[in-house]
Amino acid sequence: MSTTIDNQALERAYSSVSDTYKGRGDIHAACREARAKSPIFVGDFVKQFGIPTNAGLQQGTRPTFALFRHQDIMAVLRDATSYTSGFIAEGLGAFFDGLIVLAMDGEQHRKVRALLQPAFMPETVNKWRDPIDNVIRNDFLAQMIPLKKADLMEFGIGVPVRVMYALLGFPTDNKEQYRQYAAWALAMVGGNQVDPARFEEARRTAGVAVARLYEVIHEVVVERRARGSQGDDVVGRLLRAEHEGRMLDDHEVTTFVRSLLPASGETTTRTFSSVMTLLLTTPGLIDRVRADRSLVPKLIDETVRYEPVATFKIRETAKEVEFHGVTIPRGSFIQCMVISANRDEEVFEHADVFDIDRRTKLSFGFGFGPHMCIGQFVAKLELNCAVNALLDLLPNLRLDPDHPAPVIEGAQLRGAAHIHVIWD
């Protein structure tokens, strides 16, 4: 595999993942109908959309149920004892070897999370605002400004990966190199296939990507430890992390860092696409936000509620449980339809309306409970910097009338494929 990659190749890798998880049907409409009929679905609700899940090849191998209501999904996600995640190691996690935090349960998860979490808390993350802002404004927007038009998704695909490599403490002077790393990270996500015609090739490509990323990250980790593990970047902090006398070894740091990369190239990018789509298509909103930047965090939070990237979470029952009179056997899969809970009419007034002024209530766009997204504060800071920079540097930013308006789609990994804009 080539060690360099151009923008078009990176965009193709991103589009390939989008196609894999796009599926069929309107997931909002399906969840709305399901909520109205019954609070629980007996069977594989997700199957109708034809998309992979993190259960991987275990999909369809055991009793499966789906939940739609806010209170039910909160109960499952907060209880990591009764509802476990270890099966992920044999699904999406089959491509990895090492620290797969999503696939950990119990005491192991608690201890590893305690080691990792301090590097991603607000007091640490907020120190990264200036480096993030510098990357966005100087490495990307400075070159865009004279063009007067762009597809914002070219920016949206490139920025999160570039920012993550800067925060990790990787060299970022070689653009071709980090684009290649980004393509490998996307290939790992694309390896989770339900299409038999694409299964073998996707798995092979994912396997190559996993190995190549391990090699380049491990080299950096070993070199950084030899130099004394200094610095406020992620790798430096992970190398110094200690909890109850335990520290992470090079293999653990390498595999955890590798697991961060798909998130930087997936969750943040797709959330950015939804944030900008809703900002640009909601009448009057961009003028309000441009004039009052204190609304940017509200814009991000409401987007994550209204259009979460990950539309569902899956858990396995560690014991027999019951919901709404239905007994769920031990060892069953529960599909927690986050996208439904985030529009539960019993919790959110006018739930199907995008409203940044709504009273803040708990939503599940970044998960909930012990497995809540460890990088959520980084993602929110990055999105905040991106929105502010775009409004600062691209005067009168607006949709390009010569192109179709952006559309948020996908049965899983939702987002917009293109956002064509112009500015003065």
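Bear in mind that the values here come from a model prediction, so they are computed numbers and not experimental data. (Residues numbered from 1 in each chain as written. Predicted model: local features only at pLDDT ≥ 70, side-chain atom pairs only at ≥ 80, totals over all residues. Heavy atoms only, no water.)

In terms of helices and strands, the chain carries 15 helices and 14 strands. In terms of overall dimensions, the chain is globule-like: its C-alpha atoms have a radius of gyration of 21 Å, near the 22 Å expected for 424 residues. Seen along its three principal axes, the alpha-carbon backbone of the chain occupies a region of about 60 × 55 × 45 Å. By residue count, 55% of the 424 residues in the chain fall in the buried class. Residue pairs in contact within the chain that sit at least 24 positions apart in sequence constitute 74% of those at least 6 positions apart. Counting every atom, the chain has about 17,700 Å² of accessible surface; 52% of that belongs to carbon and sulfur. (Helix = DSSP H or I, 4+ residues; strand = E, 2+ residues; numbered from the N terminus. Rg over C-alpha atoms; globule rule 2.2 N^0.38 Å. Buried < 20%, exposed > 50% of the residue type's maximum accessible area, 1.4 Å probe, protein only. Contact = heavy atoms within 4.5 Å. Areas by Shrake-Rupley, 256 points an atom, 1.4 Å probe, with all protein chains shown as cover.)

This part is about the packing of helix H13 (residues 296-306) against helix H15 (residues 376-393). Their axes nearest at 10 Å, the elements H13 and H15 cross at an angle of 125 degrees. One way to sum up the angle between H13 and H15 is to call them oblique. In this structure, H13 crosses over H15, and the sense of that crossing is right-handed. When H13 is examined against H15, the residues Val296, Pro297, Leu299, Ile300 and Asp301 are found in contact with a partner set consisting of Lys380, Leu383, Asn384, Val387 and Asn388. A per-class count over the contact of H13 with H15 returns six nonpolar, two polar and two charged. (Axes fitted to C-alpha atoms, helices over the stretch in contact; angles between N-to-C directions. Parallel < 35°, antiparallel > 145°, perpendicular 65-115°, else oblique. Left-handed = near helix turned anticlockwise from the far one by under 90°. Nonpolar A, V, L, I, M, F, W, Y, C, P; charged D, E, K, R; others polar.)

With that settled, the discussion passes to the environment of Ile314. Turning to its location among the elements, Ile314 is positioned in strand S7 (residues 313-317). Spatially, the C-alpha atoms of Ile314 and Pro370 are 14 Å apart, while their sequence positions differ by 56 residues.

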